[in-house]
Amino acid sequence: MLKYLLPLTIIVIHINSYAAKTCLAADNACYTQVKDIKGNFLFQKLQETQGLKVCEKADDKCFGILNGELTKKAMHSYYIPYKPTEMPWDVESKTIILVHGLSDSPFYMKEIAESMHNKGFNILSVLLAGHGNSTENGPMDLVDIKFKDWQENLIDSVLFSLWVSDSIHFIGFSTGSALITNFLVKHKIKKHKNSVLISPAIELKQAKMLILGSLIYGKDHIVSEPKKFGHGARYLFYPLNAPNQLRLLNKETKKLMKKYKIDSPVLSIFAASEDTFDVASVNTRLKDNVENYISVVLGNPRAAIANPENSLYEDKKFKKNQIKGIENSLVNKDIDFQLLENQYVEHSSPLSGKTAFRGEFESVQEHELVLDIIHEFLINK
């Protein structure tokens, strides 16, 4: 049955908890012998498919920053084991799996990784197929990608995390959140505790246009004008196939949600000026399908768009409906909390523009407040 992932169950049975708690150093040899049910060496597979790198700590070296500059070494998945001050067998090994958004990379989740690692979590990023290519034509790697490739990336990361962890948690952004939602509907894992979905793009306002565009222009048609951004840390253009695969992923999720519910706690965090999906409808669908659900909206949907040249939020009808939907959801308590009420918060930056690598037009302040909310949810739910 789709509700249970047999390979995961078998790995939980055959791997002892002591082994999971002793791989606390960035010693690759410690991870190399673990296999999945098909006989694949998990660590080696992650190195081959996602460029997995093990780091001693969440620092510039781990994230590929040299002398304040982003380098090509930033474009990889990373695992950062937490080293407890107590004896390791007395401390629960908790792993957060981070899943980035469409056109982004694991580097884009850097701030969350740093914060949560400092709070006692192992961090395992996921590099989704087609992302992280630092060359000029890197985004075109997404032309032939299928959403099933992204699903496989996540499953491989979960399998590895089960081996090194007593418990696992998910944090996703946008497409990463859609991928996590799909996973949670399909699979039930004993070690999984909870999930944080930031800007969960499980519906797209332009879904019909993606179908039509793919038929007319083809999957390699470039969306937006080509621009450079930090050695592939984030693509600012991509082929039409990329969002179309997200649409197909969401189509599968929606179908599965008619049969299955998510029984683990979920926290959703929405930007008030989301420009790719309708907040109220996405929130309602999650609320109806998650047994233990909390949602937060960041910012004021009526706030002026600080950087309209960087936003798709130009459709006046869509904006009007978005504002009405968010405000009604708050009044009806379908959305539980509103934070940063006087700020403009857009989809492309759910946390902050703290680092120079996040993009010229992204502006969210008081991000530590949001990080604290995420941490409190992870440890209490």
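Predicted model only: the values in this text are computed from it and were never measured. (Residues numbered from 1 in each chain as written. Predicted model: local features only at pLDDT ≥ 70, side-chain atom pairs only at ≥ 80, totals over all residues. Heavy atoms only, no water.)

A. Region of the structure containing helix α5 (residues 110-118). With respect to burial, α5 is a largely interior element, seven of its nine residues being buried. Residues of α5 that are buried: Lys110, Glu111, Ile112, Ala113, Ser115, Met116 and His117. Backbone geometry just after α5 places Gly120 at a positive phi near 110 degrees. (Buried < 20%, exposed > 50% of the residue type's maximum accessible area, 1.4 Å probe, protein only. Helix = DSSP H or I, 4+ residues; strand = E, 2+ residues; numbered from the N terminus.)

B. Region of the structure containing the sheet that holds strand β6 (residues 122-126). Overall, mixed pairing links the nine strands, which are arranged β1-β4-β6-β5-β7-β8-β11-β12-β13 in an open sheet. At either end of the open sheet lies a strand with only one pairing partner, and these are β1 (53-54) and β13 (337-339). In this structure, β1 lies alongside strand β4 (residues 78-80), joined through two bridges in parallel fashion. Paired with Lys53 across the strands is Tyr78, a residue of β4. Contacts between helix α7 (residues 175-186) and the sheet are confined to β5 (94-99), β7 (167-173), β8 (192-198) and β11 (266-271), with β7 contributing the most and set at about 140 degrees to the helix. (Pairing = 2+ DSSP bridges. Contact = heavy atoms within 4.5 Å. Axes fitted to C-alpha atoms, helices over the stretch in contact; angles between N-to-C directions.)

C. Representation of the pattern of salt bridges within the structure. Scanning the model with the defined rule gives ten salt bridges in all. For the salt bridge of Lys148 with Glu252, the shortest nitrogen-to-oxygen distance reads 3.8 Å. Highlighted residues: Lys148 in helix α6 (residues 147-164) and Glu252 in helix α9 (residues 241-257), separated in sequence by 104 residues. The shortest N-O distance in the salt bridge between Glu203 and Arg285 comes to 2.9 Å. Within this pair, whereas Glu203 is found in the loop between β8 and α8 (207-217), its partner Arg285 is found in helix α10 (residues 279-289), the two being separated by 82 residues in sequence. Residue Arg285 is classed as buried on the basis of its relative accessible area of 11%. Sharing partners across several salt bridges, the network here consists of Lys45, Glu152 and Asp156. (Salt bridge = Lys/Arg side-chain N within 4 Å of Asp/Glu carboxyl O.)

D. Highlighting the packing of aromatic side chains. Counted by the stated rule, this structure contains eleven aromatic pairs. With a centroid separation of 5.6 Å and an interplanar angle of 50 degrees, the aromatic rings of Tyr31 and Phe160 are classed as tilted. One end of the pair, Tyr31, is in the loop between α2 (17-22) and α3 (42-50); the other, Phe160, is in helix α6, with 129 residues separating them in the sequence. Each member of the pair, Tyr31 as well as Phe160, is classed as buried. Pairing Tyr31 with Trp163 gives two aromatic rings, centres 5.8 Å apart and planes at 75 degrees, and the pair type is edge-to-face. (Phe/Tyr/Trp six-rings, centres within 6.5 Å; stacked < 30°, edge-to-face > 60°.)

Note that all results are geometric; they support no functional claim without further evidence.
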